[in-house]
Number of protein chains: 4
Amino acid sequence: MKDVQSERDTRNLPINKVGINQLSFPISVLDRSGKPQHTIARINMYVDLPHHYRGTHMSRFIEVISRHNINLKQEGLDQILKDMRKTFNCETSHLELEFPYFIYKKAPVSKIESPMEYICRVEAKLGKSEKLELIIEVDVPVHSLCPCSKEISSEGAHNQRGVMKIRVIASKMVWFEELIDIAEKSASAPLFTLLKREDEKYITEMAYQNPRFVEDAARDVVTLLNQDNRILWYSVEVTNFESIHNHNAYAYIEKENKNAR
Amino acid sequence: MKDVQSERDTRNLPINKVGINQLSFPISVLDRSGKPQHTIARINMYVDLPHHYRGTHMSRFIEVISRHNINLKQEGLDQILKDMRKTFNCETSHLELEFPYFIYKKAPVSKIESPMEYICRVEAKLGKSEKLELIIEVDVPVHSLCPCSKEISSEGAHNQRGVMKIRVIASKMVWFEELIDIAEKSASAPLFTLLKREDEKYITEMAYQNPRFVEDAARDVVTLLNQDNRILWYSVEVTNFESIHNHNAYAYIEKENKNAR
Amino acid sequence: MKDVQSERDTRNLPINKVGINQLSFPISVLDRSGKPQHTIARINMYVDLPHHYRGTHMSRFIEVISRHNINLKQEGLDQILKDMRKTFNCETSHLELEFPYFIYKKAPVSKIESPMEYICRVEAKLGKSEKLELIIEVDVPVHSLCPCSKEISSEGAHNQRGVMKIRVIASKMVWFEELIDIAEKSASAPLFTLLKREDEKYITEMAYQNPRFVEDAARDVVTLLNQDNRILWYSVEVTNFESIHNHNAYAYIEKENKNAR
Amino acid sequence: MKDVQSERDTRNLPINKVGINQLSFPISVLDRSGKPQHTIARINMYVDLPHHYRGTHMSRFIEVISRHNINLKQEGLDQILKDMRKTFNCETSHLELEFPYFIYKKAPVSKIESPMEYICRVEAKLGKSEKLELIIEVDVPVHSLCPCSKEISSEGAHNQRGVMKIRVIASKMVWFEELIDIAEKSASAPLFTLLKREDEKYITEMAYQNPRFVEDAARDVVTLLNQDNRILWYSVEVTNFESIHNHNAYAYIEKENKNAR
């Protein structure tokens, strides 16, 4: 059979990224304690295509990913990206994963444990330098209580669910658990899957004592990220699903970390 | 050209609904005051198919909808459904529309006006009886404050954005504005696109004075719907995007209205 | 602390369903061979609420689901629903799950195996009769090739990705694999995650030899469902993401199975 | 009432973007012929926040957008951004809009006209230089037919719906219609809302004569964009919803235009 993809292309246009996306695939992710967690990832896999080739053999992406038992940790990603560079004989390979990740959290007073979902993302890239470039991202749903509403109202204060998206480039491994911890500390209160009444009372009062604008939350996250010298660059995006409006409040900070080593 | 759709089918299976869906189409909707409002609808159009025909001519749905200048009101829907029955020579025609609809609401204290979006749906059906069957539905985003959290906490109370979906079958025209009004009256507080600080204070205090479970809100909507004798049947679905959890609280009531005439 | 939910309600309105939804939770599902498969479910849990109670204790839903190690099979669901009825002292309990489910399929010619995702749903209900009512649903992505386009064109035929949603009530266990098999047999061709060139040739030619309207596919699924006497009721929904339009073609059949025992 | 937002902040952290997003708002857009088209936009509005302010007055974004009758054209955006800079006394203002836009297209043979939806985006920014920075983006749904499948199969070829996202920075006004035209010329065939049988035959045969990989389509778009000296920078993203897989094929090119003036 003719190999149409390998035909010579004369348009003289290299392609930055070519591949497959939105592939659903079962993977396992190692948690901080080294224990594997089964989950389902949405996977994107791309390579660069030199100007003289017409196309890519898309089925090879599936062959690569199938060859590797994804136990998500830094070395594993490196091996997949190397395999992609070799299989496609290309300069740069990209692997992006998005997946739900669960942490079993204890409620603050009753101490009952329940699983809480966080959507995590990893973007890994390997170029000519053979040095792994890694972006780690996590969406942390949080509780936020409005300082203005509290201040001006005789009683109560509007509050709402929000989400903090933290994205970092690091020189060493940063665990999802660490970023989630930073986000939850910077919110009016963390969320839990299971709260008994004594916990609900605790969280309600904690949030009322701890009002935060999106601006406050973003700055508090940044203050904590700045103290971590493994982190080279970060972006922080805080979105509040305002409970008094049908639109959202939003704050965004993006920066290189001056304290990075 | 051969007409494949009109081939005789021998599987002896009539089809309940066949047609097109997720068609995006600009329409205008008449508001309560008779003024047209431009919007964009997602449209589904279906007919029944007798067992002896193999297929439907899908392009005719677009021809029908294009023939009618959609100025959404009861008579307009009737004409489209009749045209569908005639064009497809079928027993039953279905027309479903979903669209954003805006109401210009005044903030409670500052009285500044701003547009607020509500997602509306209409499901219209015309069968052999030639009597229009109409379901009207609207999603109303609202503010809800938790009675339990207020009661047990020394200060504050968790609150959140929620959405009430009201769905009715009526003997006479019921306006979206009427259903929206019922939903907003049954919430801890309504939402607004624009609130100045004096308005935010008002809404925060109003909600704190007016705590509602999803169960309360659903029952209050139902109490108001029961009083309207044009309404033959209703369903009410209240969903709160809980600000202390990452899942939702939910209540659902569905019933025939005993007071209907 | 005061138990607000247990207050007496005087509105005299029972609530059909009250509970939590969109809870993300790790579960395992037993496949046809009895092997457990780890996945992540979206879970809804509802109970009825008698007219004289004001509210439900939402945290108890999480306690119930946490008590049961979900190994999805009929007996497991039964136990959770019984536990809900007991915990909430209610008449009717509802449990709904939606989750990705993977089948390792061999490519038709190369015989290389790859995992293919199917979105599955289970709706289970237990009422006063203590008899489990179970609805099984699966979304099967398929390939469809248009008979009209093939017939009228000198070469080629438009084809596209589509999805078949099969929903059944059965007297005995029906496996997802069985419904998926029925859907894939009724399409122009099944989909695969990995196809080498010899497989791509095979699927392309298979589909061209096997053109199907949405109407054809729906009827073929129904013909196969009718032959299964475990199936009491079904609905079949076929949606084609038309490759020559930006809207979809759609067919729907819903019926009680006359051959059911 | 106390102005909490204007409190002095001591964390010494300026914020890149703060504001509101996902605001639904009715707007009108001028088409190429200068005729206004009514549509509904999702709007994001952000400003930068100096390190010494604690927060932003979110309601002022709604006041700004309400003051301007959005008739989307370059001058209009400029005025809104200037108003934002003045209202918030900030350095940089951002306005992002996403909206459905309709073009009435004639079917290729029957010449019957029907409206076709394209999702358009505009990102406008005004900084200290007072020079409007504008990114124009459009999603164009298209038909693509696989060259490999055609070549290796005895009959037929798999084809599918795809979407081309073109994003440009330009020195002068570039119309959505121009980018849509470039995308549709680079596909195997354009899509239409209404096609009669003679049109369906035409499009089927056109696509079969015109097979394109995602790589081909991306390069053809780029070749046309390179010829337009108003365009300073572009990115082109082609995604095919593969009809033989449940994942997508993808190509991406991003570049400064060497021919720009």
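All values reported here derive from a predicted model rather than from experimental measurement. Starting from 1, residues in each chain are numbered consecutively following that chain's sequence as written. Going through the entries in the order they are written, you letter the chains from A and number the ligands from 1. Thresholds applied to this predicted model are a pLDDT of at least 70 for local features of residues and 80 or more for the giving and counting of side-chain atom pairs; totals over whole chains, interfaces and linings are not thresholded and use all residues. For the side-chain quantities, the full set of heavy atoms in the structure was used; hydrogens and water were omitted.

Draft legend 1. Representation of the overall build of chain A. Going along the chain from the N terminus, every DSSP run of H or I of four or more residues is numbered as a helix, and every run of E of two or more is numbered as a strand. Of regular secondary structure, chain A possesses six helices and ten strands. In terms of its C-alpha atoms, chain A occupies a principal-axis envelope of roughly 75 × 40 × 35 Å. A buried classification covers 65% of the 261 residues belonging to chain A. A contact between two residues is defined here by any heavy atoms of the two lying within 4.5 Å. Residue pairs at least 24 apart in sequence account for 63% of intrachain contacts in chain A once pairs closer than 6 positions are excluded. Only the protein chains shown count as cover for residues, with accessible areas throughout obtained via the Shrake-Rupley method and a probe of 1.4 Å. As displayed, chain A offers around 10,000 Å² of accessible surface, 46% of which is attributable to carbon and sulfur atoms. When accessible area is computed with a 1.4 Å probe and restricted to protein chains, residues below 20% of their type maximum are described as buried, those above 50% as exposed, and intermediate ones as partly exposed.

Draft legend 2. Molecular detail of the relation of the copies chain D and chain A. Superposition of chain D onto chain A requires a rotation of 180 degrees combined with a translation of 0.0 Å along the rotation axis, giving an RMSD of 0.0 Å. Here the transformation between the copies is reduced to the relation of a two-fold axis. Of all interface residues in chain D, 100% are interface residues in chain A too; the two copies therefore contact each other through one and the same surface. The copies were overlaid with a least-squares fit restricted to C-alpha atoms from residues scoring a pLDDT of at least 70 in each copy.

Draft legend 3. Region of interest: the packing of helix H4 (residues 176-186) of chain B against helix H6 (residues 214-226) of chain B. Residue and element names in this part refer to chain B. Between H4 and H6, whose axes approach to 8 Å, the crossing angle comes to 140 degrees. Between H4 and H6, the angle falls in the class oblique. Every pair of crossing elements has a handedness; the one defined by H4 and H6 is right-handed. Here H4 contributes Leu179, Ile182, Ala183, Lys185 and Ser186 to the contact with H6, which in turn contributes Ala217, Asp220, Val221, Leu224 and Leu225. Residue polarity follows a fixed list, in which Ala, Val, Leu, Ile, Met, Phe, Trp, Tyr, Cys and Pro are nonpolar, Asp, Glu, Lys and Arg are charged, and the others, Gly among them, are polar. For the contact of H4 with H6, the residue count by class is seven nonpolar, one polar and two charged. Where helices are involved, their axes are fitted lines through C-alpha atoms of the stretch in contact, as for all axes, and angles between N-to-C directions lie from 0 to 180°. Note on terminology: angles under 35 degrees are roughly parallel, angles over 145 are roughly antiparallel, angles of 65 to 115 are roughly perpendicular, and the others are oblique. The sense of a crossing depends on the near helix, which, turned anticlockwise from the far helix by less than a right angle, makes the crossing left-handed and, turned clockwise, makes it right-handed.

Draft legend 4. Molecular detail of the relation of the copies chain C and chain B. Structural alignment of chain C on chain B gives an RMSD of 0.0 Å, achieved by rotating through 180 degrees and translating 0.0 Å along the axis. A shared interface surface links the copies, since 100% of the contact residues of chain C are contact residues in chain B too.

Draft legend 5. Geometry of the interface of chain D and chain A. Opposite the 52 residues of chain D that make contact, chain A presents 52 residues. Once two parts are brought into contact, the accessible area they lose, counted with a 1.4 Å probe and summed over both, makes up the buried area. In this assembly, chain D packs against chain A so that about 4,100 Å² is buried in total across both faces, 55% of it on carbon and sulfur atoms. Contact with chain A buries surface across chain D, with Leu13, Arg219 and Tyr250 of chain D losing the most and accounting together for 18% of the total. In what follows, salt bridge is the name for a side-chain nitrogen of Lys or Arg lying within 4 Å of a carboxyl oxygen of Asp or Glu. At the surface where chain D touches chain A, the tally comes to nine salt bridges. Two N or O atoms form a polar contact when they lie within 3.5 Å of each other; inside protein one atom must be a possible hydrogen donor and the other a possible acceptor, and for residues adjacent in sequence the pair counts only when both atoms belong to side chains. Counting every contact that joins chain D to chain A gives 30 residue pairs in polar contact (both at pLDDT 80 or more). Put simply, the parts of the chain that give the side of chain D that touches chain A at least two residues each are strand S1 (15-30), strand S2 (36-49), helix H3 (147-152), helix H6 (214-226) and strand S10 (248-256) of chain D. Here the element with the most residues in the side of chain D that touches chain A is S1 of chain D; it accounts for nine residues.

Draft legend 6. Looking closely at the packing of aromatic side chains. For Phe, Tyr and Trp, where Trp contributes only its six-membered ring, two rings pair if their centres lie within 6.5 Å, and the inter-plane angle classes them as stacked under 30 degrees, edge-to-face over 60, or tilted in between. Within the structure shown, the criterion is met by 16 aromatic pairs over all chains. Relative to Phe176 of chain C, the ring of Phe99 of chain C has its centre 5.8 Å away and its plane inclined at 75 degrees; by these criteria the two rings are edge-to-face. In this pair, Phe99 of chain C sits in strand S4 (residues 93-106) while Phe176 of chain C sits in helix H4 (residues 176-186), placing the two residues 77 residues apart along the sequence. Across this residue pair, the class does not change: Phe99 of chain C and Phe176 of chain C are buried. Members of the aromatic cluster, each reached through a chain of ring pairs, are Phe99, Tyr101 and Phe176 of chain A. Remark: a charge is flagged as sitting over a ring if the NZ atom of Lys or the CZ atom of Arg is within 6 Å of the ring centre and within 35 degrees of the ring normal. Geometry around Phe192 of chain B places Lys105 of chain B over its ring, the cationic atom sitting 4.4 Å from the centre.

Draft legend 7. The interface of chain C and chain B, seen in detail. Listed as interface residues are 52 residues of chain C and, on the opposing side, 52 residues of chain B. For the chain C and chain B pair, buried surface summed over both sides reaches about 4,100 Å², with 55% attributable to carbon and sulfur atoms. Three residues, Leu13, Arg219 and Tyr250 of chain C, lead the burial of chain C against chain B; their summed loss comes to 18% of the area buried on that side. With a shortest N-O distance of 2.7 Å, Arg11 of chain C and Asp220 of chain B are connected by a salt bridge.

Draft legend 8. Representation of the side chain of Asn257 of chain C. Residues and elements named next belong to chain C. Note that Asn257 resides in the segment after strand S10 (248-256). With relative accessibility at 6%, the residue Asn257 sits in the buried group. There is a polar contact of 3.1 Å between the side chain of Asn257 and the backbone nitrogen of Asn259. Ignoring anything within four residues of it in the chain, the contact list for Asn257 reads Leu225, Asn226, Asp228, Ile231, Leu232, Trp233 and Tyr234.

Draft legend 9. Highlighting the environment of Arg60 of chain B. Counting through the fold element by element, Arg60 of chain B comes out in helix H1 (residues 59-67). Separated by 89 residues in the primary sequence, Arg60 of chain B and Ser149 of chain B have C-alpha atoms spaced 56 Å apart. Once residues within four sequence positions are removed from consideration, Arg60 of chain B is found in contact with Thr87 and Phe88 of chain B together with Lys196 of chain D.

Draft legend 10. Layout of the pattern of salt bridges. Throughout the structure, instances matching the rule amount to 114 salt bridges over all chains. Here Lys2 of chain B ties to Glu151 of chain C by a salt bridge, and the two come within 4.0 Å at their closest N and O atoms. Note that Lys2 of chain B is positioned in the segment before strand S1 (15-30) and Glu151 of chain C in helix H3 (residues 147-152), a pairing that runs across two chains. A relative accessible area of 44% places Lys2 of chain B in the partly exposed class.

Draft legend 11. Fine view of the pairing of strand S6 (residues 132-145) of chain A. Residues and elements named next belong to chain A. Of all the 14 residues making up S6, 13 are buried; the element is thus mostly covered by neighbouring parts of the structure. Relative to S6, strand S5 (residues 113-126) runs antiparallel, the two sharing eight bridges. In the sheet register, Ile119 faces S6, and the bridge partner there is Asp139. Linking S5 to S6, which pair antiparallel, is a turn of five residues; within it Glu130 sits at a positive phi near 60 degrees. By the convention used here, strands pair only if DSSP detects at least 2 bridges between them.

Draft legend 12. A look at the pairing of S1 of chain B. Most of S1 of chain B is tucked away: twelve of the 16 residues are buried. Here S1 of chain B runs beside strand S2 (residues 36-49) of chain B; their pairing, made up of twelve bridges, is antiparallel. Counted as the bridge partner of Ile15 of chain B is Leu49 of chain B from S2 of chain B. Relative to S10 of chain C, S1 of chain B is paired through five bridges, and the arrangement is antiparallel. Across the sheet, Asn21 of chain B pairs through a bridge with Asn248 of chain C, a residue of S10 of chain C.

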